[in-house]
Amino acid sequence: MPAPKSSPLPWLLLLLSVTTGLVDAISVLGLGKVFTANMTGNIVFLGFAVAGAPGFEPAPYLVAIAAFLAGALIAGRTGKAHAGRPLRRWLMVAALIEAALLWIAACVAIGFDIATPDGRLLAIVALTAVTMGFRNATIRQLKVPDLTTTVLTMTLTGLAADSSMAGGANPNWQRRIGGVVAIFAGAVLGAVLVMRAGLSVPLALAGALVLAGTIACARHPAAAEPLA
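Note that the coordinates shown come from a computational prediction; the quantities given were computed from them, not determined experimentally. (Residues numbered from 1 in each chain as written. Predicted model: local features only at pLDDT ≥ 70, side-chain atom pairs only at ≥ 80, totals over all residues. Heavy atoms only, no water.)

### Considerations on unusual backbone geometry
- A positive phi angle, near 60 degrees, is found at K143, a position not held by glycine.
- Residue position: K143 is located in the loop between α5 (120-142) and α6 (153-161).
- The exposure class of K143 is exposed, given its relative accessible area of 55%.
- The phi torsion at D146 lies on the positive side, around 65 degrees, for a residue other than glycine.
- Along the polypeptide, D146 turns up in the loop between α5 and α6.
- With a relative accessible area of 24%, D146 lands in the partly exposed category. (Helix = DSSP H or I, 4+ residues; strand = E, 2+ residues; numbered from the N terminus. Buried < 20%, exposed > 50% of the residue type's maximum accessible area, 1.4 Å probe, protein only.)

### A look at the packing of helix α1 (residues 9-30) against helix α7 (residues 173-197)
- Between α1 and α7, the least distance of the axes is 7 Å, while the angle of their chain directions is 40 degrees. When the axes of α1 and α7 are compared, the pair comes out oblique. In this structure, α1 meets α7 at a crossing whose hand is right-handed. Counted together, P10, L14, S17, V18, T20, G21, L22, A25, I26, L29 and G30 of α1 and R175, G178, G179, A182, I183, G186, A187, L189, G190, A191, L193 and V194 of α7 form the full contact between these two elements.
- Its residues assigned to classes, the contact of α1 with α7 shows 14 nonpolar, eight polar and one charged. (Axes fitted to C-alpha atoms, helices over the stretch in contact; angles between N-to-C directions. Parallel < 35°, antiparallel > 145°, perpendicular 65-115°, else oblique. Left-handed = near helix turned anticlockwise from the far one by under 90°. Contact = heavy atoms within 4.5 Å. Nonpolar A, V, L, I, M, F, W, Y, C, P; charged D, E, K, R; others polar.)

### Concerning the packing of helix α2 (residues 40-51) against helix α3 (residues 58-81)
- The contact between α2 and α3 brings their axes to 9 Å, and the two run at 150 degrees. Comparing their axes, α3 and α2 come out roughly antiparallel. As for the relative orientation of α2 and α3, their crossing is left-handed in sense. Facing N42, I43, F45, L46 and A49 of α2, the residues of α3 in contact are P58, Y61, L62, A64 and I65.
- Considering only residue class, the contact of α2 with α3 consists of nine nonpolar, one polar and no charged.

### Some remarks on α1
- A rise of 1.5 Å per residue sets the reference length of α1, with its 22 residues, at 32 Å; its end C-alpha atoms lie 30 Å apart and thus fit the reference within 8%.
- Burial analysis of α1 places 18 of its 22 residues in the buried class, the great majority of the element. (Expected span 1.5 Å × (residues − 1).)

### A look at the confidence of the model for the chain
- For the chain, per-residue confidence averages 92 on the pLDDT scale, and 97% of positions sit at 70 or higher.
- Of all the helices and strands in the chain, α6 carries the lowest mean pLDDT, 90, while helix α8 (residues 200-218) carries the highest, 97.
- Per-residue pLDDT stays below 50 along residues 1-5; that stretch engages in 11 contacts with residues further than four places along the chain or on separate chains. (pLDDT = per-residue confidence, 0-100.)

The structure is reproduced here in structure tokens:
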């Protein structure tokens, strides 16, 4: 469902990109060498673990990948179940699921310290990974160009390849730069919060931003349109 010019979706997705930076800071700085927002790094790190590289254990990567796939599967079914219904209903259901998972993870993470990891590590990895798998699949179904909210490789590629220097017309350059800045800002904020307050605060904040931003988006008249 392509987003019309009046759609609030791009603004919502920029806010969600900020939460991706938060989650990446939480997972990388607070959970060790593991990503829960995108899976490319986990596949590479899993390869290192299988090869016996020091400092890499397969369990967190396997849990993250499996949970991410589970979240994406749930999101796919959720999106199909809302076909033909108002967009705002789907967005609110998705936001409630994301926020609930992030807040549960925040509760689990109270007092957790990566310096002395315990059994909660894999639980937090699983909760955040299933959340981000759900997020990725939901955004994929929304089909808003140049705003994936979680990965920037193709965004940066598009900025360079479609630039006037490359003979292009710079399509969506503001949106692309906005996505980069949003994830960067989220990562900075997340790193500060993880270092000063632990994992629970940034996890709770990420959930609050997801829910508050979606509520604001759902109030827009365009959100009353049926989902294709």
